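Examining the three-dimensional arrangement
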Amino acid sequence: ETGVTQTPRHLVMGMTNKKSLKCEQHLGHNAMYWYKQSAKKPLELMFVYNFKEQTENNSVPSRFSPECPNSSHLFLHLHTLQPEDSALYLCASSRGTGTQYGYTFGSGTRLTVV
Amino acid sequence: QKEVEQNSGPLSVPEGAIASLNCTYSDRGSQSFFWYRQYSGKSPELIMFIYSNGDKEDGRFTAQLNKASQYVSLLIRDSQPSDSATYLCAGTFSNSGYALNFGKGTSLLVTP
(Lines give C-alpha, C1' and ligand atoms only; values in the text may rest on other atoms or scores of the structure.)
Protein backbone atom coordinates (compact mmCIF):
# COMPACT_ATOMS: atom_id res chain seq x y z
CA GLU A 1 0.00 0.00 0.00
CA THR A 2 1.29 3.46 -0.83
CA GLY A 3 0.71 7.02 0.31
CA VAL A 4 -0.99 8.04 3.53
CA THR A 5 -3.73 5.80 4.89
CA GLN A 6 -6.26 6.86 7.51
CA THR A 7 -8.72 4.70 9.40
CA PRO A 8 -11.58 4.72 10.00
CA ARG A 9 -13.03 6.74 7.12
CA HIS A 10 -16.13 7.61 9.10
CA LEU A 11 -16.71 7.66 12.86
CA VAL A 12 -19.77 8.49 14.92
CA MET A 13 -19.20 8.74 18.63
CA GLY A 14 -21.04 9.89 21.71
CA MET A 15 -19.66 12.58 23.94
CA THR A 16 -18.64 10.07 26.60
CA ASN A 17 -16.91 7.63 24.25
CA LYS A 18 -13.20 7.08 23.73
CA LYS A 19 -11.97 6.36 20.23
CA SER A 20 -8.75 6.62 18.25
CA LEU A 21 -7.92 7.70 14.72
CA LYS A 22 -5.05 6.01 12.97
CA CYS A 23 -2.72 7.26 10.26
CA GLU A 24 0.04 5.35 8.48
CA GLN A 25 2.39 6.64 5.82
CA HIS A 26 4.35 4.48 3.37
CA LEU A 27 6.42 7.27 1.85
CA GLY A 28 9.50 7.16 4.08
CA HIS A 29 8.67 10.63 5.39
CA ASN A 30 9.94 11.91 8.73
CA ALA A 31 7.25 14.41 9.69
CA MET A 32 3.56 13.83 10.34
CA TYR A 33 0.70 16.19 11.06
CA TRP A 34 -2.90 16.30 12.22
CA TYR A 35 -5.21 18.91 10.73
CA LYS A 36 -8.89 19.63 11.40
CA GLN A 37 -11.10 20.76 8.53
CA SER A 38 -14.48 22.30 9.38
CA ALA A 39 -16.97 23.84 6.99
CA LYS A 40 -16.26 27.47 6.10
CA LYS A 41 -12.94 27.41 7.97
CA PRO A 42 -9.34 27.00 6.87
CA LEU A 43 -7.55 23.79 7.70
CA GLU A 44 -6.45 24.10 11.30
CA LEU A 45 -3.08 22.69 12.28
CA MET A 46 -3.37 20.60 15.44
CA PHE A 47 -0.11 18.71 15.99
CA VAL A 48 3.28 18.31 14.34
CA TYR A 49 5.67 15.41 14.82
CA ASN A 50 9.18 15.34 13.42
CA PHE A 51 11.14 12.10 13.77
CA LYS A 52 8.35 10.99 16.17
CA GLU A 53 8.96 13.94 18.50
CA GLN A 54 6.15 16.44 18.93
CA THR A 55 7.33 19.84 17.79
CA GLU A 56 4.08 21.77 17.84
CA ASN A 57 0.81 21.68 19.71
CA ASN A 58 -1.40 24.39 18.33
CA SER A 59 -3.39 25.11 21.53
CA VAL A 60 -5.48 22.00 21.06
CA PRO A 61 -7.83 20.99 23.91
CA SER A 62 -6.63 18.10 26.03
CA ARG A 63 -9.57 15.93 24.90
CA PHE A 64 -7.41 15.37 21.79
CA SER A 65 -4.28 13.36 22.58
CA PRO A 66 -1.76 12.51 19.85
CA GLU A 67 0.64 9.60 19.81
CA CYS A 68 3.49 8.93 17.41
CA PRO A 69 5.22 5.61 18.15
CA ASN A 70 7.45 5.84 15.05
CA SER A 71 7.87 7.96 11.94
CA SER A 72 5.32 5.90 10.00
CA HIS A 73 2.40 5.86 12.42
CA LEU A 74 0.36 8.60 14.04
CA PHE A 75 -2.68 8.31 16.26
CA LEU A 76 -5.21 10.78 17.58
CA HIS A 77 -6.92 9.60 20.75
CA LEU A 78 -10.32 11.16 21.40
CA HIS A 79 -12.28 11.36 24.64
CA THR A 80 -15.22 13.37 25.98
CA LEU A 81 -15.57 15.28 22.73
CA GLN A 82 -18.08 18.03 22.06
CA PRO A 83 -20.47 18.33 19.10
CA GLU A 84 -18.37 21.23 17.74
CA ASP A 85 -15.50 18.76 17.34
CA SER A 86 -17.39 17.18 14.45
CA ALA A 87 -15.20 17.72 11.38
CA LEU A 88 -12.91 16.06 8.86
CA TYR A 89 -9.62 15.10 10.49
CA LEU A 90 -6.75 14.94 8.05
CA CYS A 91 -3.38 13.36 8.57
CA ALA A 92 -0.44 14.47 6.44
CA SER A 93 3.22 13.63 6.10
CA SER A 94 6.27 15.30 4.59
CA ARG A 95 9.90 14.49 4.05
CA GLY A 96 10.85 17.01 6.71
CA THR A 97 9.60 20.14 8.39
CA GLY A 98 11.62 22.52 6.25
CA THR A 99 9.96 25.15 4.13
CA GLN A 100 10.50 23.39 0.84
CA TYR A 101 8.49 20.25 1.65
CA GLY A 102 4.92 19.85 0.52
CA TYR A 103 2.58 17.61 2.42
CA THR A 104 0.85 14.43 1.31
CA PHE A 105 -2.59 14.09 2.85
CA GLY A 106 -4.56 11.01 3.75
CA SER A 107 -8.22 10.65 2.82
CA GLY A 108 -9.32 11.82 6.24
CA THR A 109 -11.69 10.60 8.95
CA ARG A 110 -15.13 12.18 8.96
CA LEU A 111 -15.99 12.48 12.66
CA THR A 112 -19.48 13.12 13.97
CA VAL A 113 -19.98 13.69 17.69
CA VAL A 114 -23.53 13.12 18.89
CA GLN B 1 -0.69 37.18 13.42
CA LYS B 2 -0.06 34.92 10.48
CA GLU B 3 -2.93 34.68 8.04
CA VAL B 4 -3.51 33.47 4.54
CA GLU B 5 -6.51 35.07 2.89
CA GLN B 6 -8.44 33.85 -0.12
CA ASN B 7 -11.70 34.90 -1.72
CA SER B 8 -14.06 31.97 -1.16
CA GLY B 9 -15.74 32.41 -4.54
CA PRO B 10 -17.21 30.66 -6.36
CA LEU B 11 -15.13 31.76 -9.31
CA SER B 12 -16.82 30.74 -12.53
CA VAL B 13 -14.93 30.58 -15.83
CA PRO B 14 -15.88 29.09 -19.18
CA GLU B 15 -14.07 26.05 -20.49
CA GLY B 16 -10.84 27.00 -22.24
CA ALA B 17 -10.42 30.29 -20.39
CA ILE B 18 -7.71 31.26 -17.91
CA ALA B 19 -8.67 30.92 -14.26
CA SER B 20 -6.87 33.29 -11.89
CA LEU B 21 -6.83 32.43 -8.20
CA ASN B 22 -5.36 34.85 -5.69
CA CYS B 23 -4.07 34.68 -2.15
CA THR B 24 -2.64 37.30 0.22
CA TYR B 25 -0.74 36.80 3.43
CA SER B 26 0.02 38.95 6.42
CA ASP B 27 3.39 37.72 7.67
CA ARG B 28 6.53 39.11 6.09
CA GLY B 29 8.47 36.21 7.57
CA SER B 30 6.93 33.89 5.02
CA GLN B 31 9.13 31.38 3.26
CA SER B 32 7.29 29.18 0.78
CA PHE B 33 3.83 28.90 -0.66
CA PHE B 34 1.88 25.92 -1.87
CA TRP B 35 -1.25 25.44 -3.93
CA TYR B 36 -3.47 22.44 -3.23
CA ARG B 37 -6.55 21.26 -5.07
CA GLN B 38 -9.37 19.63 -3.13
CA TYR B 39 -12.28 17.95 -4.85
CA SER B 40 -15.52 17.68 -2.90
CA GLY B 41 -15.29 14.86 -0.38
CA LYS B 42 -11.61 14.27 -1.08
CA SER B 43 -8.36 15.24 0.58
CA PRO B 44 -6.11 18.08 -0.65
CA GLU B 45 -3.53 17.22 -3.29
CA LEU B 46 -0.42 19.29 -4.01
CA ILE B 47 -0.33 21.13 -7.33
CA MET B 48 2.66 23.47 -7.03
CA PHE B 49 4.94 25.23 -4.63
CA ILE B 50 6.89 28.46 -5.03
CA TYR B 51 9.43 30.20 -2.82
CA SER B 52 11.12 32.75 -5.08
CA ASN B 53 9.66 35.97 -6.42
CA GLY B 54 8.39 35.64 -9.96
CA ASP B 55 6.62 32.96 -11.95
CA LYS B 56 6.87 29.20 -11.92
CA GLU B 57 5.22 27.16 -14.64
CA ASP B 58 4.19 23.50 -14.67
CA GLY B 59 2.04 22.42 -17.57
CA ARG B 60 -1.20 24.40 -17.55
CA PHE B 61 -0.44 25.85 -14.12
CA THR B 62 1.57 28.97 -13.32
CA ALA B 63 2.25 30.11 -9.77
CA GLN B 64 3.24 33.71 -9.14
CA LEU B 65 4.80 35.12 -5.98
CA ASN B 66 5.31 38.76 -5.06
CA LYS B 67 6.83 39.01 -1.60
CA ALA B 68 6.90 42.82 -1.56
CA SER B 69 3.14 42.95 -2.11
CA GLN B 70 2.54 39.74 -0.11
CA TYR B 71 0.44 37.95 -2.67
CA VAL B 72 0.49 34.62 -4.41
CA SER B 73 -1.55 33.62 -7.40
CA LEU B 74 -2.29 30.53 -9.44
CA LEU B 75 -3.18 30.70 -13.11
CA ILE B 76 -4.82 27.76 -14.82
CA ARG B 77 -4.68 27.97 -18.61
CA ASP B 78 -7.15 26.19 -20.88
CA SER B 79 -9.45 25.47 -17.93
CA GLN B 80 -11.34 22.19 -18.06
CA PRO B 81 -14.50 21.11 -16.22
CA SER B 82 -12.29 18.62 -14.37
CA ASP B 83 -10.46 21.59 -12.82
CA SER B 84 -13.64 22.44 -10.88
CA ALA B 85 -12.58 22.11 -7.25
CA THR B 86 -11.56 24.16 -4.23
CA TYR B 87 -8.03 25.55 -4.43
CA LEU B 88 -6.19 26.01 -1.17
CA CYS B 89 -3.30 28.41 -0.74
CA ALA B 90 -0.85 27.59 2.06
CA GLY B 91 2.27 29.25 3.36
CA THR B 92 5.08 28.49 5.74
CA PHE B 93 5.89 31.14 8.30
CA SER B 94 8.96 31.60 10.44
CA ASN B 95 6.99 32.15 13.64
CA SER B 96 4.96 28.95 13.43
CA GLY B 97 7.66 26.33 13.15
CA TYR B 98 7.31 26.40 9.36
CA ALA B 99 4.20 24.20 9.41
CA LEU B 100 1.77 24.95 6.61
CA ASN B 101 -0.95 27.53 7.31
CA PHE B 102 -3.90 27.34 4.95
CA GLY B 103 -6.40 29.81 3.58
CA LYS B 104 -10.11 28.95 3.42
CA GLY B 105 -9.84 28.09 -0.24
CA THR B 106 -11.41 29.40 -3.44
CA SER B 107 -14.10 27.37 -5.15
CA LEU B 108 -13.57 27.21 -8.92
CA LEU B 109 -16.30 26.21 -11.35
CA VAL B 110 -15.40 25.64 -14.98
CA THR B 111 -18.49 25.60 -17.13
CA PRO B 112 -18.66 23.66 -20.43
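The present account deals with the structure reproduced in this document. (Residues numbered from 1 in each chain as written. Chains lettered and ligands numbered in written order. Predicted model: local features only at pLDDT ≥ 70, side-chain atom pairs only at ≥ 80, totals over all residues. Heavy atoms only, no water.)

Another aspect to go through is the interface of chain B and chain A. Taken residue by residue, the interface counts 19 residues in chain B and 19 residues in chain A. Seen at the junction of chain B and chain A, the total is zero salt bridges. Linking chain B with chain A are five residue pairs in polar contact (both at pLDDT 80 or more). Counting residues per element, the side of chain B that touches chain A draws most heavily on strand 4 (residues 30-38) of chain B, at five residues. Its residues assigned to classes, the side of chain B that touches chain A comprises ten nonpolar, eight polar and one charged. (Contact = heavy atoms within 4.5 Å. Salt bridge = Lys/Arg side-chain N within 4 Å of Asp/Glu carboxyl O. Polar contact = N/O pair within 3.5 Å; in protein donor to acceptor, adjacent residues only side chain to side chain. Helix = DSSP H or I, 4+ residues; strand = E, 2+ residues; numbered from the N terminus. Nonpolar A, V, L, I, M, F, W, Y, C, P; charged D, E, K, R; others polar.)

As a further point, take the sheet that holds strand 8 (residues 71-76) of chain B. With respect to topology, five strands assemble into an open sheet ordered 1-3-8-7-6 (chain B), the strand pairing being antiparallel. Each edge of the sheet is formed by a strand with only one pairing partner; in this case those strands are strand 1 (4-5) and strand 6 (54-58) of chain B. (Pairing = 2+ DSSP bridges.)

Counting across every chain of the model gives two disulfides over all chains. Put simply, A:Cys23 and A:Cys91 are joined by a disulfide, and their sulfur atoms are 1.9 Å apart. Taking the sign of the torsion about the S-S bond as the criterion, the disulfide between A:Cys23 and A:Cys91, at about -70°, is left-handed. Of this pair, A:Cys23 sits in strand 3 (residues 18-25) while A:Cys91 sits in strand 9 (residues 87-94); the two residues are 68 residues apart in sequence, bridging distant segments of the chain. Accessibility assignment for this pair places A:Cys23 and A:Cys91 in one class, buried. Sulfur-sulfur distance for the disulfide between B:Cys23 and B:Cys89 comes to 2.1 Å. With the S-S bond torsion at -70°, the cross-link from B:Cys23 to B:Cys89 turns out left-handed. Placement of B:Cys23 in strand 3 (residues 19-25) and of B:Cys89 in strand 9 (residues 85-93) is noted, with a sequence separation of 66 residues between them. The two residues B:Cys23 and B:Cys89 agree in class, both being buried. (Disulfide = S-S within 2.5 Å. Buried < 20%, exposed > 50% of the residue type's maximum accessible area, 1.4 Å probe, protein only.)

The next thing to look at is unusual backbone geometry. A cis geometry characterises the amide bond from A:Thr7 onward to A:Pro8, with omega recorded as -10°. Position of A:Pro8 among the secondary structure elements: in the loop between strand 1 (4-7) and strand 2 (10-13). In this structure, the amide linkage connecting B:Gly9 to the following residue, B:Pro10, adopts the cis form with an omega of 15°. Looking at the secondary structure, you find B:Pro10 in the loop between strand 1 and strand 2 (11-14).

For A:His29, the location among the structural elements is in the loop between strand 3 and strand 4 (31-37). If sequence neighbours within four positions are ignored, A:His29 has contacts with A:Ser71, A:Ser93, A:Ser94, A:Arg95 and A:Thr104.

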